[in-house]
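Given next are the chains, with one letter for each unit.
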Amino acid sequence: MKLAALLCTLLSCGTIANADPCQDRFAELLVSGFEDKGPTLIHITQEIVGGQTSVTWHHSDGNGNGMSEVIEPDGSPWSLFLNGKMYTSADKGKNWTFMSAFDGAAARAKNKAAMIKDAATVRDLSCTQADLNGAVHEVVEGTYTSSVIAGAEIFEKTWVNPKTGAITQSYRHVMMDSYQTKTTQVIEPHPELNLPNPE
């Protein structure tokens with residue numbers, strides 16, 4: 001795989017004989033595990049340790065456009081990212097207010113470069129198989145040092161359906177000296193996705 005070869009080069013893993021297949025797989029999923037999977041519906045539960053827990057449905061087209069529908073806390077604004085523009089809604093998607101413009105392609109490229117760098121720091125790796133919702137999944141996990149969140153160590157675990165190659169669930173624990181978050185994402189295909197268009 002071209003991506004695997006690129007990651008191997010960037011991770012300085014040497015010859016193929018000396019490479020760690022589990023490290024390569026972790027890096028591959030961290031860098032591009034959610035790419036090119038088409039429209040998805042993602043149920044996100046995020047806990048601020050010692051603080052608030054939020055629940056969000058995120059509707060993604062797989063190309064950088066998406067809508068975050070906040071379920072809890074009730075009354076929280078929704079967000080829409082569409083064609084390089086960000087909007088918010090205070091009435092659960094009935095009306096949208098333009099907030100800012102952004103370069104989505106540049107942001108994704110910057111994030112991808114950061115993830116490649118972070119993958120080189122991974123440790124405590126594990127690549128196994130486990131049952132999830134009645135289907136055997138590939139389970140890949142490890143802890144790495146973040147170059148995006150200053151001072152953070154991140155434990156990342158993903159469940160991959162080997163039949164489709166898609167990540168169906170992920171868990172991330174961000175650990176800093178004075179702040180921690182735990183985020184679980186449950187991902188499913190969403191071919192009927194129809195994002196609002198306030199333009």
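Look a little higher up for the structure.
Starting afresh in each chain, residues are numbered from 1 along the sequence in its written order. At least 70 in pLDDT is required for a residue's local features to be given in this predicted model, at least 80 for side-chain atom pairs to be given and counted, and no such filter applies to totals for whole chains, interfaces and linings, which use all residues. Side-chain measures were taken over the full set of non-hydrogen atoms in the model, leaving aside hydrogen atoms and water.

### Thoughts on the nonpolar core
Generally speaking, a soluble globular protein has its nonpolar side chains buried in company with each other.
Here is step 1: Only buried residues count toward a nonpolar core. Its members are Ala, Val, Leu, Ile, Met, Phe, Trp, Tyr and Cys residues joined through side-chain atoms within 4.5 Å. Type-normalised accessible area, obtained with a 1.4 Å probe on protein chains alone, sets the label of each residue: buried when under 20%, exposed when over 50%, and partly exposed for intermediate values. Judged by nonpolar contacts, the single largest core of 20 residues is most densely connected at F26, L29, L30, M115, Y144 and I167.
Here is step 2: Among the secondary structure elements, those contributing two or more residues to this core are helix 2 (21-32), strand 1 (40-48), helix 3 (104-119), strand 8 (135-145), strand 9 (153-161) and strand 10 (166-175).
Here is step 3: Looking at which element gives the most residues to this core, the answer is helix 2, with five residues.
Here is step 4: If near-sequence neighbours (up to four positions away) are discounted, I167 is found in contact with L29, G33, F34, T158, W159, V160 and I187.
Here is step 5: If you look at the next biggest cluster of nonpolar residues, it comprises nine residues, including W78, Y87, W96 and L195. Helix numbers and strand numbers start at the N terminus; a helix is a DSSP run of H or I with at least 4 residues, a strand a run of E with at least 2. It only takes one pair of heavy atoms within 4.5 Å for two residues to be counted as in contact.

### Quick word on the side chain of D61
Here is step 1: Note on placement: D61 falls in the loop between strand 2 (53-60) and strand 3 (66-72).
Here is step 2: Charge convention: Lys and Arg are scored as positive, Asp and Glu as negative, and His as well as the terminal groups of each chain are ignored. For salt bridges, the criterion is a side-chain nitrogen of Lys or Arg within 4 Å of an Asp or Glu carboxyl oxygen. Among buried charged residues, D61 stands out as having no salt bridge; its nearest opposite-charge side chain is R108, 7.5 Å away.
Here is step 3: Here N65 takes part through its side chain, which lies 3.0 Å from a polar atom of the side chain of D61.
Here is step 4: With near-sequence residues (within four places) excluded, D61 lies in contact with G38, P39 and L193. We call two N or O atoms a polar contact when they sit within 3.5 Å, provided that within protein one can donate a hydrogen and the other can accept it, with sequence-adjacent residues counted only if both atoms are side-chain atoms.

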